[in-house]
Amino acid sequence: MAAVTSNQEKAGPSICGYHFQWLALLAKSLLELARQAKKLGEDDPRRIINSLKAGLSIILVSLFYYVEPLYSSFGVNTTSAVMTAVVIFEFSVGATLGKGVNKMLATLGAGALGLGVHRLATLSGKTGEPIVIDLFVFAIAAMATFARIFPRLKAKCDYGLMIFILTFSLVSVSSYREENIQKMALERLLTITVGCFIAILVNICICPVWIGEDLHNLVALNIEKLGIFLQGFGGEYFEMYEEGLPSKDRSFLQGYKSVFNTQSREENMANLARWEPGHGRFRFRHPWEQYLTIGSLTRQCAIKIDVLNNYIDRQIQPSLEIPSQVKEHCTMISLECGKALKELSSSIRMMIRAETTLLHIGNSKIAAENLKSLFISGLWKEADPLERAPATAVASLLLEVIECTERISNAVQELASLAGFQNMESSRSLEQQQESNQRIHSINLQNHEITIGE
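Just so it is clear, the model here is predicted, and its values are computed rather than measured.

Student: Please clarify how the overall build of the protein should be interpreted in this entry.
Tutor: For the protein, the count of helices and strands is 15 helices and zero strands. Evaluated residue by residue, the protein yields a buried proportion of 39% over its 454 residues. A sequence separation of at least 24 residues applies to 83% of the contacts in the protein between residues at least 6 apart.

In structure tokens, the structure reads:
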């Protein structure tokens, strides 16, 4: 008896210790989750606002359940409106509009087709009705599923095709047992339409997130990262050759690497941006496809830059001194291309036509011709070809960077024409006019205050 009591006394503290460790681990996990949530909210406060908007849209749709006249009109189908608001509400206006329009059109088309199949099946008698329904369901579901494989349809209508299959199957199969199938289909269409409209209105009217604007800024930022690298490359590379050692801190030159991972993101954003209406600086039918062209050219330029970066990162000390003329022209090419790219980035971001980009590209071409003349003139004849190979490769890559920069410039100029970018002078005159109006308004306010005081 005494032994049993002692065993219970030993087991008691061990159980308490186990529960204490479990609670401590739970508290640590919750604290880490809170830290992550805080970081996500600080990185993009729109995420918090979007969560509140989603809750608001569901509350507004659920009023159909609470208001008796509305509930009596739709009945239990009111739940379709709530589910629709939950499913289609997305972070951006374009994504919500795309899902909403796809769902409404798919429900309308599938419902009408389902009623037609039901009408046709009833003509075949009670025995043949389920066979006809199943044949149509099989054929339509197979064709719609196959259509989802096509890239263009998958990018724009994948969700709509899925809803089409679901609604058509639901209406067609239910028509065999449901007596008033027309009423059920109509109520389902109306409740889905109500849920879509409420979700879309909440997303547009309260702190809207325009995915097209995010795409616009992303493309401009990627070009700016390339410009930052090129502006710093010349000094870093030739400083390494002079010192024979890598520079201490080149973190500012590594930003271009993120450009490689944005292709799928840009394509998705462009597909969603096409659903958005005209807003702010972006007109209806804005040329979103041109951003994909600019993004592709930007990644091609980033590939050349990545190879240039390898020449900075290598640890092998050079065995050949580079002539000062070669350093000067290579640095000039890198610097002028960097300036051109940064100006193109600013042109996209501010939607103003770039004025001096062609001047910077022209300066880089002049430096390139001078560099070619140096190599043609028999520079480094006495040097071993293997020793001068790295510097020759860098010069060749810089010549290719000029071509990439010019192609990006042409694509941006085409975007400026399609999107109607303002000229720099008209933009400045507009800013001056706004400033003068503000000054006049402030003077009037001051005079008004003096009159009251008197």
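Student: What exactly am I supposed to notice about the packing of helix α5 (residues 93–122) against helix α8 (residues 181–205) here?
Tutor: Packed helices, taken two at a time, are described by the angle between their axes plus the distance between the axes. Closest axis-to-axis distance for the α5/α8 pair is 9 Å, and the angle between their directions is 175 degrees. When the axes of α5 and α8 are compared, the pair comes out roughly antiparallel. Where α5 approaches α8, its residues V93, T96, L97, G100, K103, M104, T107, L108, L115 and H118 are matched on the opposing element by I181, Q182, A185, L189, I192, T193, C196, F197, A199, I200, N203 and I204. The residue inventory of the contact of α5 with α8, partitioned by class, reads 14 nonpolar, seven polar and one charged.

Student: Before we go on, may I ask you to explain the packing of aromatic side chains in this structure?
Tutor: Centre-to-centre distance and the angle between the planes together describe a pair of aromatic rings. Within the structure shown, the criterion is met by six aromatic pairs. For the ring pair F229 and Y256, a centre distance of 5.3 Å and an interplane angle of 65 degrees mean the geometry is edge-to-face. In this pair, F229 is assigned in helix α9 (residues 211–243) and Y256 in the loop between α9 and α10 (263–273), connecting sequence segments 27 residues apart. In this structure Y256 comes out as buried when scored by relative accessible area, which is 0%. Taken together through their ring pairs, the aromatic side chains of F229, Y256 and F260 make up a single cluster.

Student: Honestly, the state of the cysteines in this entry has me stumped. Any pointers?
Tutor: Within this structure, the stated rule accounts for zero disulfides. Lacking any disulfide linkage, C404 is separated from the closest cysteine sulfur, that of C301, by 4.7 Å. Residue classification places C404 among the buried residues on the basis of a relative accessible area of 2%.

Student: Would you mind showing me how to read the packing of helix α6 (residues 125–147) against helix α7 (residues 151–174) here?
Tutor: Orientation of α6 relative to α7, taken along the N-to-C sense of each, is 170 degrees, at an axis distance of 9 Å. In terms of their interaxial angle, α6 and α7 are classed as roughly antiparallel. Residues I133, F136, V137, I140, A141, A144, T145 and A147 of α6 form the contact with α7, whose participating residues are L153, L161, F164, I165, F168, S169, S172 and V173. Classifying every residue of the contact of α6 with α7 gives 13 nonpolar, three polar and no charged.

Student: What's the story with the UniProt feature "transmembrane region" (unreviewed entry) in the protein in this structure? I'm lost.
Tutor: As recorded in UniProt, the feature "transmembrane region" (unreviewed entry) lies at residues 48–67, 105–125, 131–150, 159–177 and 189–211. The distance separating the terminal C-alpha atoms of residues 48–67 is 29 Å; by composition the span is 95% helix and 0% strand. End C-alpha atoms of residues 131–150 are separated by 30 Å, and the span's content is 85% helix alongside 0% strand.

Student: Just checking my understanding: could you explain the pattern of salt bridges for this structure?
Tutor: Once their charged atoms are close, side chains differing in charge can pair, the charge on each being opposite to the other. One pass over the structure, following the stated rule, counts 12 salt bridges. We note a salt bridge from E224 to R349, for which the minimum N-O separation is 3.4 Å. Note that E224 is positioned in helix α9 and R349 in helix α12 (residues 324–350), a separation of 125 residues in sequence. E224 gets classed as partly exposed once you look at its relative accessible area, which sits at 24%. E266 is the salt-bridge partner of R299, the closest N and O atoms lying 3.2 Å from each other. Here the residue R299 occupies a position in helix α11 (residues 288–313), and E266 occupies one in helix α10, the gap between them amounting to 33 residues. Assessed through its relative accessible area of 11%, R299 is described here as buried. The network of salt bridges with shared partners includes R148, K154 and D158.

Student: Looking at this structure, I do not really get the side chain of K53. What am I missing?
Tutor: Position of K53 relative to the elements: it lies in helix α2 (residues 46–66). Within the buried core, K53 has no salt-bridge partner, and the shortest N-O distance to an opposite charge, that of E276, equals 10 Å. What K53 contacts, discounting residues up to four positions off in sequence, is F89, V202, N203, I206, C207 and P208.

Student: Explain α6 here, please?
Tutor: Side chains of residues three or four places apart in an α-helix project in the same direction, reflecting 3.6 residues per turn. Over its 23 residues, α6 runs 32 Å from end to end, which matches the ideal 33 Å to within 8%, given 1.5 Å per residue. Elements in contact with the buried residues of α6: α5 and α7.

Student: Can you help me understand the environment of Q422 in this one?
Tutor: Position of Q422 among the secondary structure elements: in the loop between α14 (385–419) and α15 (424–453). Between the alpha carbons of Q422 and S347 there is a distance of 9.7 Å; along the sequence they are 75 residues apart.

Student: Is there a simple way to explain the environment of L341 in this structure?
Tutor: When you line up the elements, L341 lands in helix α12. Sequence separation between L341 and I408 is 67 residues, and the spatial gap between their C-alpha atoms is 8.2 Å. Those residues within four positions of L341 in sequence are excluded, and the remaining contacts are I223, L226, G227, L230, T405 and I408.

Student: Explain the side chain of H216 to me, please; I cannot follow it from the model alone.
Tutor: Mapped onto the fold, H216 is located in helix α9. Classification of H216 as buried rests on a relative accessible area of 0%. Within the structure, H216 has its side chain in polar contact with the side chain of Y291 (distance 2.7 Å). If we skip the residues at most four places from it in the chain, H216 touches R281, F282, Y291, I348, R349 and M351.

Student: So what exactly am I meant to see when it comes to unusual backbone geometry here?
Tutor: Among all residues save glycine, negative phi is the norm, and among peptide bonds the norm is trans. Of note, C207 is a non-glycine position whose phi angle comes to about 45 degrees, a positive value. Inspection of the secondary structure assignment puts C207 in the loop between α8 and α9. Phi is positive for R285, which is not a glycine, with a value near 60 degrees. With respect to the helices and strands, R285 occurs in the loop between α10 and α11. The exposure class assigned to R285 is exposed, which follows from its relative accessible area of 73%.

Student: Could you clarify how one ought to interpret a nonpolar patch on the surface in this entry?
Tutor: There is a patch of nonpolar side chains on the surface, built from L56, L60, L63, Y65, Y66, V67 and I206 and spanning about 590 Å² of accessible area. For L63, the position within the fold is in helix α2. You can call L63 partly exposed: its relative accessible area is 38%.

Conventions and cut-offs
Residues numbered from 1 in each chain as written. Predicted model: local features only at pLDDT ≥ 70, side-chain atom pairs only at ≥ 80, totals over all residues. Heavy atoms only, no water. Helix = DSSP H or I, 4+ residues; strand = E, 2+ residues; numbered from the N terminus. Buried < 20%, exposed > 50% of the residue type's maximum accessible area, 1.4 Å probe, protein only. Contact = heavy atoms within 4.5 Å. Axes fitted to C-alpha atoms, helices over the stretch in contact; angles between N-to-C directions. Parallel < 35°, antiparallel > 145°, perpendicular 65-115°, else oblique. Nonpolar A, V, L, I, M, F, W, Y, C, P; charged D, E, K, R; others polar. Phe/Tyr/Trp six-rings, centres within 6.5 Å; stacked < 30°, edge-to-face > 60°. Disulfide = S-S within 2.5 Å. UniProt positions renumbered as here; feature names shortened; annotations may be inferred. Salt bridge = Lys/Arg side-chain N within 4 Å of Asp/Glu carboxyl O. Lys, Arg positive; Asp, Glu negative; His and termini not counted. Expected span 1.5 Å × (residues − 1). Polar contact = N/O pair within 3.5 Å; in protein donor to acceptor, adjacent residues only side chain to side chain. Patch = residues over 30% accessible without salt bridge, like charges linked within 9 Å, V, L, I, M, F, W, Y side chains within 5 Å. Areas by Shrake-Rupley, 256 points an atom, 1.4 Å probe, with all protein chains shown as cover.

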